[in-house]
Amino acid sequence: MDNNQPETRFEYVSRVMDPRSYGITFKLDSPDAVGDALTRLRSGGVNVLGPEARIDYIPRFHQVSLRWDFIDFQAEGNWYPQAGGGHSMYFVALNRLATMAGITWTQVERDDDGSTPLYWRVRIGATVKLLDGSIVPHFGLGEADLRDGSAEALKVLSESKGDSKKAEGTLLRMRAKGSQRCESIAKAGLIRKILAVRAKYSKEEAEMPFVWPTLVFAPPPDPELDRAIMFQAAGLGHMLYGGRPGAIDTTATVVQPAMLEDRGAPVDFRAEQAKLDQRERVPVSTSAPAAPPATPRQAPPPVQRPTPTPAPRPTPPPAAADERMPWDDDGGPDPRESDGNARRVLWQGLPYTAEEIRAFCDSKRWPDATSEENAKHVSKFLAWATGDGVKVLTAYFVTASK
């Protein structure tokens, strides 16, 4: 910067909010380094917030970070003059400092019973983290009394300089926001208490920045720890530590351009909705009532088709007494065929088994597989027996013919 030219406002703010302007070019990871930095800031005129003047302990894997804020004295809504000299911050500026320091509001509730008009009392609570890592709770109480004759009402009248209409208008606006005003009064008092903000600052002090030293986690370089921090920051901590899944779905598959179906031109959803509304719209007639719906025509009765009667199975002639087989029909009722499944009964072992049929053929009926008499019995058996019976009989004749 040219020494012959005056310093601009931007250059001034940038200079006073730069830690290097106060000789702070080192890490604040030890009590000595933090104490040296705070001393340099106070000596340079910086408004250091907080009650700590010197610390003797920094938790492991932590260091101190300096948070800066510049409450511009030349901007409206930040400072207001006091009657006895000096300037004080509005609640908006105090709330900025509270946000910078990480103050967490834990309690905001009305403390009075509300039976007294134009009177409010609010109880609040907040916590803040100190440089040793401890979280300290704080509590406060705020009160607003805008009744006629109260100290606040008389102060409004005195500031109006005898203008009663102006005083009445100011009181009317304050009473309309009485509950919010009481809450702001309570929070402002607790912020001053936690951050050690003074009630008055000179113009030179107000032109300097405010600094809040805060404790941050600063672990040494480690691939596994970096991976865990990355997972936690990405909402994937449940994969390492369990618990509710984060916002990112790790099971999702990356969609390649080739996987997307080409559907042509984009769909005009408004036109499609108009078509749907037109199709679903029911016309309403205001003239004559609609005729009753016609009686649906009944379908003719189905044609009754005669059920075809199966042709009777020819009954084979009875064989001689010495030639009758187990499957021959003797002309009388056979209890084995009462359920229409005599074949299944026979080959389940009642009354003949496959072994019995083979023994019967070997001993009495079929000494020669090629004889004409045996061929007659084989044809009758194959027309009646199924399943294992056919297999047994076939195996017998194949064996006998060899």
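Note that this is a predicted model, so its numbers are computed, not measured.

Describing the overall build of the protein
Right, on to step 1. The number of helices and strands found in the protein is 14 helices and 8 strands.
Right, on to step 2. If you take every contact in the protein between residues at least 6 apart in sequence, the share linking residues at least 24 apart comes to 60%.
Right, on to step 3. Only carbon and sulfur atoms are counted for the fraction: they give 55% of the accessible area of the protein, which is about 27,700 Å².

A look at unusual backbone geometry
Right, on to step 1. Of note in the backbone geometry, Phe61 takes a positive phi value of approximately 65 degrees without being a glycine.
Right, on to step 2. Relative to the elements of secondary structure, Phe61 occurs in the loop between β1 (47-48) and β2 (62-69).
Right, on to step 3. Owing to a relative accessible area of 35%, Phe61 belongs among the partly exposed residues under this scheme.
Right, on to step 4. Phi at Ala196 takes a positive value of approximately 60 degrees, unusual for a residue other than glycine.
Right, on to step 5. Note that Ala196 resides in the loop between α6 (178-195) and α7 (203-206).
Right, on to step 6. Looking at Ala196, the relative accessible area reads 40%, which means it is partly exposed.

A few points about the layout of surface pockets
Right, on to step 1. Here the largest pocket defines a volume of roughly 790 Å³.
Right, on to step 2. Along the walls of the largest pocket sit 19 residues, with Tyr80, Tyr90, Lys155, Met174 and Arg181 positioned nearest its centre.
Right, on to step 3. Put simply, the parts of the chain that give the lining of the largest pocket at least two residues each are α3 (91-101), α4 (151-159), α5 (164-176) and α6.
Right, on to step 4. Broken down by element, the lining of the largest pocket gets its largest block of residues, 5 residues, from α6.
Right, on to step 5. Class assignment for the residues of the lining of the largest pocket results in 10 nonpolar, 3 polar and 6 charged.

Overview of the pattern of salt bridges
Charged atoms that come close allow side chains of opposite charge to pair.
Right, on to step 1. Considering all chains together, one arrives at 15 salt bridges under this definition.
Right, on to step 2. For Arg123, the salt bridge goes to Asp111, with nearest N and O atoms at 3.3 Å. Here Arg123, found in strand β6 (residues 119-129), pairs with Asp111, found in the loop between β5 (104-110) and β6; they are 12 residues apart in sequence, far enough to count as distant.
Right, on to step 3. A relative accessible area of 32% means that Arg123 is categorised as partly exposed.
Right, on to step 4. What makes Asp111 partly exposed here is its relative accessible area of 30%.

A look at a nonpolar patch on the surface
Right, on to step 1. Together, Phe61, Phe217 and Ile229 line one region of the surface with nonpolar side chains, adding up to about 270 Å² of accessible area.
Right, on to step 2. Among the residues examined, Ile229 registers a relative accessible area of 37% and is labelled partly exposed.

Comments concerning the sheet that holds strand β7 (residues 135-145)
Right, on to step 1. Strand order in this open sheet of 3 strands is β5-β6-β7, and the pairing throughout is antiparallel. Each edge of the open sheet carries a strand with a single partner, namely β5 and β7. Averaged over all pairs of adjacent strands, the angle between their axes in this sheet comes to 15 degrees, without regard to strand direction.
Right, on to step 2. Bridge count between β6 and β7: 11 bridges; the pairing is antiparallel. Pairing of Lys129 across the sheet is with Ile135, part of β7.

A look at the sheet that holds β1
Right, on to step 1. Pairing within the open sheet is mixed, and its 3 strands lie in the order β1-β8-β2. The open sheet has two free edges, formed respectively by β1 and β2, since each of these has just one partner strand.
Right, on to step 2. Note that β1 and strand β8 (residues 210-217) share 2 bridges and pair parallel. Of the residues in β8, the one forming a bridge with Val48 is Val211.

Considering the confidence of the model for the protein
Right, on to step 1. In the predicted model, the protein carries a mean pLDDT of 75, and 59% of its residues have values of at least 70.
Right, on to step 2. Low pLDDT, under 50, characterises residues 319-325; the stretch is placed with 17 contacts to residues that sit more than four places away or in other chains.

Procedures and definitions
Residues numbered from 1 in each chain as written. Predicted model: local features only at pLDDT ≥ 70, side-chain atom pairs only at ≥ 80, totals over all residues. Heavy atoms only, no water. Helix = DSSP H or I, 4+ residues; strand = E, 2+ residues; numbered from the N terminus. Contact = heavy atoms within 4.5 Å. Areas by Shrake-Rupley, 256 points an atom, 1.4 Å probe, with all protein chains shown as cover. Buried < 20%, exposed > 50% of the residue type's maximum accessible area, 1.4 Å probe, protein only. 1 Å grid on protein atoms, 1.4 Å probe; cavity = no way out; pocket = protein on both sides within 12 Å on 5 of 7 lines; lining within 4 Å. Points joined across faces, edges and corners; volume = space filled by probe spheres on them. Nonpolar A, V, L, I, M, F, W, Y, C, P; charged D, E, K, R; others polar. Salt bridge = Lys/Arg side-chain N within 4 Å of Asp/Glu carboxyl O. Patch = residues over 30% accessible without salt bridge, like charges linked within 9 Å, V, L, I, M, F, W, Y side chains within 5 Å. Pairing = 2+ DSSP bridges. Axes fitted to C-alpha atoms, helices over the stretch in contact; angles between N-to-C directions. pLDDT = per-residue confidence, 0-100.

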